[in-house]
Amino acid sequence: MDISIIPHPQGVTEISVSGRLNMVTAARVREAIQSAVDDNRPRVAITLEQVVFLDSSGLGALIAGMKTAREAGGDVRLVKPTEQVELVLELTNMAGVLRSFDSVESAYADA
Amino acid sequence: MVTRTLRLTAPPHTVDTVHDLLDSVWASVPDLSARDRMSLETAIIELTANVIQHANHGRGVQATLTVIAYKDRLEATLSDSGEVDHVDLEGREMPEAESLAESGRGIPLMRALVDTVEHRRVDGFNHWTLVRGREAQDVDRSSTRGMPSVSITGVIDEMARQRALEELGILDTSPEERFDRVTRLAKSLFGVQSAAINLIDGDRQWAKSVAGDAVVEMPRESSVCTDTIMGDDTLVVPELTADPAYADRAQDGLINFYAGHPLYASTGERIGAFCIYDPRPRAFTEREQAMLRDLASWVQQELSVSQELSRAAEVQQGLLPSKMLSMPGWDIAGFCQPARAVGGDFYDWYPVGEGAAITLADTMGKGIAAAIIAATVRAVLRSAARFGDVTGAVNLAAASLNADLDTTGLFVTLFHARVDMDSGEVTFVDAGHGLTVIARTDGTIERLRSHSPPLGVDIDTEWEEQTITLEPGDTLVAASDGVLDLYDGSLDGLDRVAALALLASSSQEVVDALRTRARGTSSDDVTVVVVRRDD
């Protein structure tokens, strides 16, 4: 799995993830979100276009990151989830909470 | 049908290992829908992650995962060694989304992704089965004929089958004439291109014997014999390409006709098949089937010989002293590794008076004949030892063995000693053995000479008794000639062993070092006894 952190305008931080987001890699995603929050940039967009696999451990990391971000006045929003990621979000009923968007810009268009 | 099996040990393996296995399954099932693929993959990863995370309180876990893609469904079974005190598959509900719980979603997610989840605990293993029906396909149910469904019983049967096969100790061994003559005969008798003795090992088929163009190893999914072992009857497929169940296993120029009969382990498991095949379709008469069965039962008998040999080996190992001698101030260890399943070497020790009797013997020859004589020598010496001194015991043993040795034309070299635990005096008879050495604490090495012929050579031999004394720190090593072969084959090897004894801090250390050296390389029986008097 690869992670890159890309700053966007209006304090939005894009975390672009590729590969598998499972129990092996979950902690790194969690840390990436935490570091954005620590940098006082809690508005996080996670680009999942290149994520081939998400499991409940990976989902747990996203939820944990979202709680941290929300406590700091931000959020975690998903960008371009793949079919498998959508499947997991649907079946765990998390699609309404961890919302998905087509781009980093549209993810925070409401702000 | 596509089958893949993975044995996994976590750590170091992780769920990524499982992803890699699944990638190879998906690559082999191109018509699988994305939804089915994603669902089963996610479910399997959730299950594996759960097993890895929770089993054995972090002490690690071993598991075997099998994934089978049928035309109409996907099945995955995972058998793991984890200790699960309480498995609550039904009771776990998906946490509320708004609760933002970070865990607890794995098991409910897994259940949502497949049609059935089963868990059973048998023989200290957890067996999990996940089944997902495939999205509408052109289902050709005939193709699953004779294939085992991976129900839990199926998995347990398969594990028993695999264990029986492994216990036979025949996998990946060299060709043997006693099997090859049967396949050769079958090939010419039936006028076919190939004959083979195939064993079904995990996800492959391996042939102990092949005649003609028969293939030694192939994936189980391409094997016809894997169907033969599903039942007790002869399986005949006159024309593979004409039968939808076998069409995909036909190979141009190799196999389009098949006839095979199952082969069994002594415990009844079907471990493989004796089969013939040919690129030309043909009929196979009742009479021919009867002949094939006869040849299969011949192979069966040869397999039983293999199995009996391995049991004989267990019996022979059981004759070696299993207990340490409790002799204060002394440290004694030994080992015996036959070149074949059984051998003519043995060592022995037991308490006698204020000390112990120590024996190391080497019967000329190897294999079963030598083993039978070795067992007799051991028994006779043990009973004779009760009635006399060292010479008396050897005389008695030699007298009672002479007739047997004469008949069989074998002879036995022998080192038999009594150790007095207080004085350190060692009284011994060396009957043509001459492979005993003493490593003194000052660094000198003494070879003990043999002045007498082996047992079975000359009936009128007077056995000459010798005496030496082991001072504190001294070590006596008695070896068989197989030990010399671990070095350059000359007597110098004995000095090397003595030097090893000087450096070692216990008798067991010497034994372990030689055992390591002997591993897999010995063409002769390797036996050694090490007697050390504590400093």
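Residues numbered from 1 in each chain as written. Chains lettered and ligands numbered in written order. Predicted model: local features only at pLDDT ≥ 70, side-chain atom pairs only at ≥ 80, totals over all residues. Heavy atoms only, no water.

Draft legend 1. View of the overall build of chain B. What chain B contains, in helices and strands, is 12 helices and 21 strands. Whereas a compact globule of 535 residues would reach a radius of gyration of roughly 24 Å, chain B reaches 31 Å, over 25% beyond that. The C-alpha extent of chain B, read off along each of the three principal axes, is 90 × 70 × 35 Å. For chain B, buried positions account for 52% of its 535 residues. When the accessible surface of chain B is split by element, carbon and sulfur atoms take 50% of a total near 23200 Å². (Helix = DSSP H or I, 4+ residues; strand = E, 2+ residues; numbered from the N terminus. Rg over C-alpha atoms; globule rule 2.2 N^0.38 Å. Buried < 20%, exposed > 50% of the residue type's maximum accessible area, 1.4 Å probe, protein only. Areas by Shrake-Rupley, 256 points an atom, 1.4 Å probe, with all protein chains shown as cover.)

Draft legend 2. Layout of the sheet that holds strand S13 (residues 345-352) of chain B. All names here are of chain B. One open sheet holds the five strands; their spatial order is S13-S14-S15-S16-S19, and the pairing between them is antiparallel. Either end of the sheet is taken by a strand with one partner, and the two such strands are S13 and strand S19 (465-469). Averaged over all neighbouring strand pairs, the angle between strand axes comes to 20°, with direction disregarded. Relative to strand S16 (residues 425-431), strand S15 (residues 412-420) runs antiparallel, the two sharing six bridges. Within the sheet, the bridge partner assigned to Phe415 lies in S16 and is Asp430. (Pairing = 2+ DSSP bridges. Axes fitted to C-alpha atoms, helices over the stretch in contact; angles between N-to-C directions.)

Draft legend 3. Geometry of empty space enclosed by the protein. All names here are of chain B. A full pass over the atoms with the stated rule returns two cavities of 30 Å³ or more. A volume near 100 Å³ is recorded for the largest cavity. Lining the largest cavity are 14 residues, and of these Gln205, Met218, Val224, Ile255 and Tyr277 sit closest to its centre. Each residue belonging to the lining of the largest cavity can be placed in one class, and the counts come to eight nonpolar, five polar and one charged. Listed by contribution, the elements that provide at least two residues to the lining of the second largest cavity are helix H7 (286-319), S13 and helix H8 (367-384). Looking at the lining of the second largest cavity element by element, the count peaks at three residues for H8. (1 Å grid on protein atoms, 1.4 Å probe; cavity = no way out; pocket = protein on both sides within 12 Å on 5 of 7 lines; lining within 4 Å. Points joined across faces, edges and corners; volume = space filled by probe spheres on them. Nonpolar A, V, L, I, M, F, W, Y, C, P; charged D, E, K, R; others polar.)

Draft legend 4. Representation of the side chain of Arg73 of chain B in the model. All names here are of chain B. With respect to the helices, strands and loops of the structure, Arg73 is situated in strand S3 (residues 73-80). Among the polar contacts made by the side chain of Arg73, one reaches the side chain of Asp72 at a distance of 3.1 Å. Within the local environment of Arg73, its side chain forms a polar contact with the side chain of Glu75, the two groups lying 2.6 Å apart. (Polar contact = N/O pair within 3.5 Å; in protein donor to acceptor, adjacent residues only side chain to side chain.)

Draft legend 5. Summary view of the domain arrangement of chain B. If you check the domain split of chain B, you get domain 1 (2-139), domain 2 (167-312) and domain 3 (320-533). Using only C-alpha atoms to locate each centre, domain 1 of chain B and domain 2 of chain B end up separated by 34 Å. (Domains from an automatic or database assignment.)

Draft legend 6. How the structure looks around the interface of chain B and chain A. Residue-level contacts link 28 residues of chain B with 26 residues of chain A. Interface area for chain B against chain A, summed over the two sides, is near 2200 Å², with a carbon-plus-sulfur share of 66%. Ranking the residues of chain B by area buried against chain A places Met38, Leu100 and Glu102 of chain B at the top, with a combined share of 28%. At the boundary of chain B with chain A, the tally comes to five salt bridges. Here Asp23 of chain B and Arg20 of chain A are joined by a salt bridge, their closest N and O atoms 3.4 Å apart. Between chain B and chain A we count nine residue pairs in polar contact (both at pLDDT 80 or more) in total. Within the residue set of the side of chain B that touches chain A, elements represented by two or more residues are helix H1 (15-28), helix H2 (34-54) and helix H3 (106-113) of chain B. Looking at the side of chain B that touches chain A, the element that brings in the most residues is H2 of chain B, giving 11 residues. (Contact = heavy atoms within 4.5 Å. Buried area = accessible area lost by both parts, 1.4 Å probe. Salt bridge = Lys/Arg side-chain N within 4 Å of Asp/Glu carboxyl O.)

Draft legend 7. Representation of the layout of surface pockets in the model. Residues and elements named next belong to chain B. The calculated volume of the second largest pocket comes to roughly 330 Å³. With five residues, the top contributor of residues to the lining of the second largest pocket is H2. Taken together, the residues that form the lining of the second largest pocket break down as five nonpolar, nine polar and five charged.

Draft legend 8. Quick peek at unusual backbone geometry. One non-glycine residue, Lys80 of chain A, lies in the positive phi region at around 50°. Phi is positive for Leu100 of chain B, which is not a glycine, with a value near 55°. On the secondary structure map, Leu100 of chain B appears in the loop between S3 and H3. A residue is classified by how much of its surface remains accessible, and Leu100 of chain B, at 13% relative accessible area, is buried.

Draft legend 9. Inspection of the confidence of the model for chain B at higher detail. Per-residue pLDDT for chain B has a mean of 85; in total, 93% of the residues score no lower than 70. Scored below 50 in pLDDT, residues 138-150 of chain B shows 29 contacts in the model against residues more than four places distant or in partner chains. (pLDDT = per-residue confidence, 0-100.)

Draft legend 10. Spotlight on helix H2 (residues 56-71) of chain A. Residue and element names in this part refer to chain A. Here H2 is 16 residues long and its end C-alpha atoms lie 22 Å apart, about the 22 Å a rise of 1.5 Å per residue gives. Counting buried residues along H2, 12 of its 16 residues qualify, which places the element largely inside the surrounding structure. Among the residues making up H2, those that are buried are Ser56, Ser57, Gly58, Leu59, Gly60, Ala61, Leu62, Ile63, Ala64, Gly65, Met66 and Ala69. Among the residues of H2, the N-terminal cap falls to Asp55, whose side-chain oxygen and the backbone nitrogen of Ser57 are separated by 3.0 Å. In the stretch just after H2, Gly73 is the one whose phi turns positive, near 85°. (Expected span 1.5 Å × (residues − 1).)

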